[in-house]
Amino acid sequence: MRLSDSQINDFNHYGYLFFPELLDKTEISLLQRAMPEILGRDGPEVIREKKDPSVTRLAFGAHIYSEPFKRLSLLPRLLEPVQQLLNENVYIHQSRINPKPGFGGGTGWDWHQDYGGWHEGDGMPKPQCVMVGVFIDDCSIAKSPLLVVPKSHRDGFLDSIQLHRDADGYSLYVLDRPTLEKIAGEHGIEPLVGPAGSVCFCHSTLIHGSANNVSPWRRAIMYLIYNAISNACTGTERPWYQNNRDFTPLRVINDDSLKELK
Ligand SMILES: O=C(O)CCC(=O)C(=O)O
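Read on for an overview of the structure. (Residues numbered from 1 in each chain as written. Predicted model: local features only at pLDDT ≥ 70, side-chain atom pairs only at ≥ 80, totals over all residues. Heavy atoms only, no water.)

Section: the overall build of the chain
Right, so step 1: Assigned secondary structure in the chain consists of seven helices and 13 strands.
Right, so step 2: A globule of 262 residues ought to have a C-alpha radius of gyration of about 18 Å, and the chain, at 17 Å, matches this closely.
Right, so step 3: The C-alpha extent of the chain, read off along each of the three principal axes, is 50 × 45 × 35 Å.
Right, so step 4: Considering only intrachain contacts with a sequence separation of at least 6, the fraction spanning at least 24 residues in the chain is 84%.
Right, so step 5: Carbon and sulfur atoms make up 50% of the accessible area of the chain, which totals about 11300 Å².
Right, so step 6: The chain carries 27 positive and 32 negative side-chain charges, and their two centres are separated by 3 Å. (Helix = DSSP H or I, 4+ residues; strand = E, 2+ residues; numbered from the N terminus. Rg over C-alpha atoms; globule rule 2.2 N^0.38 Å. Contact = heavy atoms within 4.5 Å. Areas by Shrake-Rupley, 256 points an atom, 1.4 Å probe, with all protein chains shown as cover. Lys, Arg positive; Asp, Glu negative; His and termini not counted. Charge placed at Lys NZ, Arg CZ, Asp CG, Glu CD.)

A look at helix H5 (residues 76–86)
Right, so step 1: Within H5, 10 of the 11 residues are buried, leaving the element largely enclosed by the surrounding structure.
Right, so step 2: Taken together, the buried positions of H5 are occupied by Pro76, Arg77, Leu78, Leu79, Pro81, Val82, Gln83, Gln84, Leu85 and Leu86.
Right, so step 3: Where H5 terminates, the next one or two residues include asparagine 87, which has phi positive at roughly 60°. (Buried < 20%, exposed > 50% of the residue type's maximum accessible area, 1.4 Å probe, protein only.)

Let's talk about the packing of aromatic side chains
Right, so step 1: In the structure shown here, the tally under the stated rule is six aromatic pairs.
Right, so step 2: With 4.9 Å between their ring centres and 65° between their planes, tyrosine 91 and phenylalanine 247 make a pair best called edge-to-face. Linking tyrosine 91 in strand E4 (residues 90–98) with phenylalanine 247 in the segment after strand E13 (221–228), this pair joins segments that are 156 residues apart in sequence.
Right, so step 3: On the basis of relative accessibility, which here comes to 1%, the residue tyrosine 91 falls in the buried class.
Right, so step 4: Judged by its relative accessible area of 27%, phenylalanine 247 falls in the partly exposed class. (Phe/Tyr/Trp six-rings, centres within 6.5 Å; stacked < 30°, edge-to-face > 60°.)

Thoughts on the packing of helix H2 (residues 25–39) against helix H4 (residues 67–74)
Right, so step 1: Two elements in contact, H2 and H4, have axes separated by 8 Å at closest approach and are oriented at 130°. One element, H2, and the other, H4, form an angle in the oblique class. Across the interface between the two elements, Leu30, Leu31, Ala34, Met35 and Ile38 of H2 pack against Pro68, Phe69 and Leu72 of H4.
Right, so step 2: Residues that form the contact of H2 with H4 fall into these classes: eight nonpolar, no polar and no charged. (Axes fitted to C-alpha atoms, helices over the stretch in contact; angles between N-to-C directions. Parallel < 35°, antiparallel > 145°, perpendicular 65-115°, else oblique. Nonpolar A, V, L, I, M, F, W, Y, C, P; charged D, E, K, R; others polar.)

A look at the nonpolar core
Right, so step 1: Ranked by size, the top nonpolar core spans 43 residues in total, and within it Leu23, Phe69, Leu72, Val132, Val134, Phe201 and Tyr226 carry the most contacts.
Right, so step 2: What leucine 72 contacts, discounting residues up to four positions off in sequence, is Leu23, Leu31, Leu78, Val134, Met222, Leu224 and Leu258.
Right, so step 3: Formed by 20 residues, the second largest nonpolar core is a distinct cluster that contains Tyr115, Cys129, Cys200 and Leu206. (Core = buried A, V, L, I, M, F, W, Y, C linked by side-chain atoms within 4.5 Å.)

Quick notes on the site of the ligand
Right, so step 1: As a matter of local geometry, the ligand sits amid Arg96, Asn98, Lys100, Trp109, His112, Asp114, Leu146, His208, Ser210, Arg219 and Tyr223.
Right, so step 2: Contact between the ligand and histidine 112: an oxygen atom at 2.9 Å from a side-chain N or O atom of the residue.
Right, so step 3: Contact distances for the ligand include 3.1 Å between an oxygen atom and a side-chain N or O atom of histidine 208.
Right, so step 4: Alone, the ligand offers 290 Å² of accessible surface; in the complex the protein occludes 100% of this.
Right, so step 5: Among the cavities detected, the one that contains the ligand is the largest cavity.
Right, so step 6: Along the lines of polarity and charge, the residues of the shell around the ligand split into three nonpolar, four polar and four charged. (Near = heavy atom within 4 Å. Polar contact = N/O pair within 3.5 Å; in protein donor to acceptor, adjacent residues only side chain to side chain. 1 Å grid on protein atoms, 1.4 Å probe; cavity = no way out; pocket = protein on both sides within 12 Å on 5 of 7 lines; lining within 4 Å. Sits in = over half its atoms within 2 Å of the grid points.)

With respect to the pattern of salt bridges
Right, so step 1: Evaluation of the coordinates by the stated rule reveals 12 salt bridges.
Right, so step 2: The residue arginine 77 makes a salt bridge to glutamate 27 at a minimum N-O spacing of 2.6 Å. Taken together, the positions of arginine 77 in helix H5 and glutamate 27 in helix H2 put the pair 50 residues apart, joining distant regions of the chain. Per residue, the accessibility class of arginine 77 equals that of glutamate 27, and both read buried.
Right, so step 3: The residue aspartate 122 makes a salt bridge to arginine 238 at a minimum N-O spacing of 2.8 Å. With aspartate 122 in helix H6 (residues 115–122) and arginine 238 in the segment after E13, this residue pair connects regions lying 116 residues apart in the sequence.
Right, so step 4: Connected through salt bridges with shared partners, the residues Asp24, Asp256 and Lys259 form a single ionic network. (Salt bridge = Lys/Arg side-chain N within 4 Å of Asp/Glu carboxyl O.)

Focus on H2
Right, so step 1: Relative to the 21 Å expected for 15 residues at 1.5 Å per residue, H2 spans 21 Å between its end C-alpha atoms, a close match to the ideal helical length.
Right, so step 2: Along H2, the residues that are buried comprise Glu27, Ile28, Leu30, Leu31, Ala34, Met35, Ile38 and Leu39.
Right, so step 3: One side-chain oxygen of the residue at the start of H2 lies 3.1 Å from the amide nitrogen of threonine 26, identifying that residue as aspartate 24. (Expected span 1.5 Å × (residues − 1).)

What follows is the structure, encoded as structure tokens:
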């Protein structure tokens with residue numbers, strides 16, 4: 001999929017692009033079918049909710065060990081726009097599924113910029129990477145959607161941001177309140193809502209967060225972090241599922257490849 005010049009300008013201006021239903025129902029049902037096995041894995045790549053360890057908070061690396069998610073990550077609809085936005089070849093630095101189950105089981109994410117964790121934790125030189133969010137379930141306002149602050153990527157990685165490191169080693173660079181008040185006061189906050197199969201492309205310094213999902217419904221999103229080859233990470237501390245060390249440039253596969261698993 002080729003982005004138009006105006007879509008590229010919008011990404012640079014607002015810090016994100018949103019495409020409703022970029023994947024069709026067959027593709028989504030194949031991804032949904034793969035979810036229970038992924039969320040039930042017992043390796044360190046699956047992080048549990050602190051208040052209820054029976055609930056999965058994040059599943060890292062599914063694009064490596066799950067065939068449907070591997071194919072998803074290489075579809076031209078995802079990979080070509082990222083190559084255009086970064087203007088070069090890319091590899092996947094990290095992927096994570098945030099299943100966000102209902103009834104409050106899927107807890108929120110404080111306001112943060114993702115780039116901080118990759119820069120400080122993995123030695124990513126510049127914010128030359130794009131986070132692609134693929135909606136595995138419908139994401140409505142009722143399901144505590146992903147919230148973004150448009151244009152907040154423009155100031156780069158913010159000094160006022162503070163590192164919060166979880167015991168499981170998952171770090172978040174969380175914004176202080178006055179900074180959020182100022183930036184959100186200027187630019188507002190947008191919820192990214194749409195049916196399953198919708199896709200967002202976000203700049204790595206775009207401020208985002210979400211609330212606890214108190215609805216009765218799950219709203220899973222797969223986040224694929226594509227990094228420019230020239231921006232490969234230099235750190236080696238974090239494991240394969242958080243800091244992938246294979247910098248081989250990705251090549252697109254046939255656009256029907258995911259559907260062929262049916
Ligand atoms: O999906 C969400 O609720 C937010 C996830 C998030 O902010 C992240 O993974 O960086």
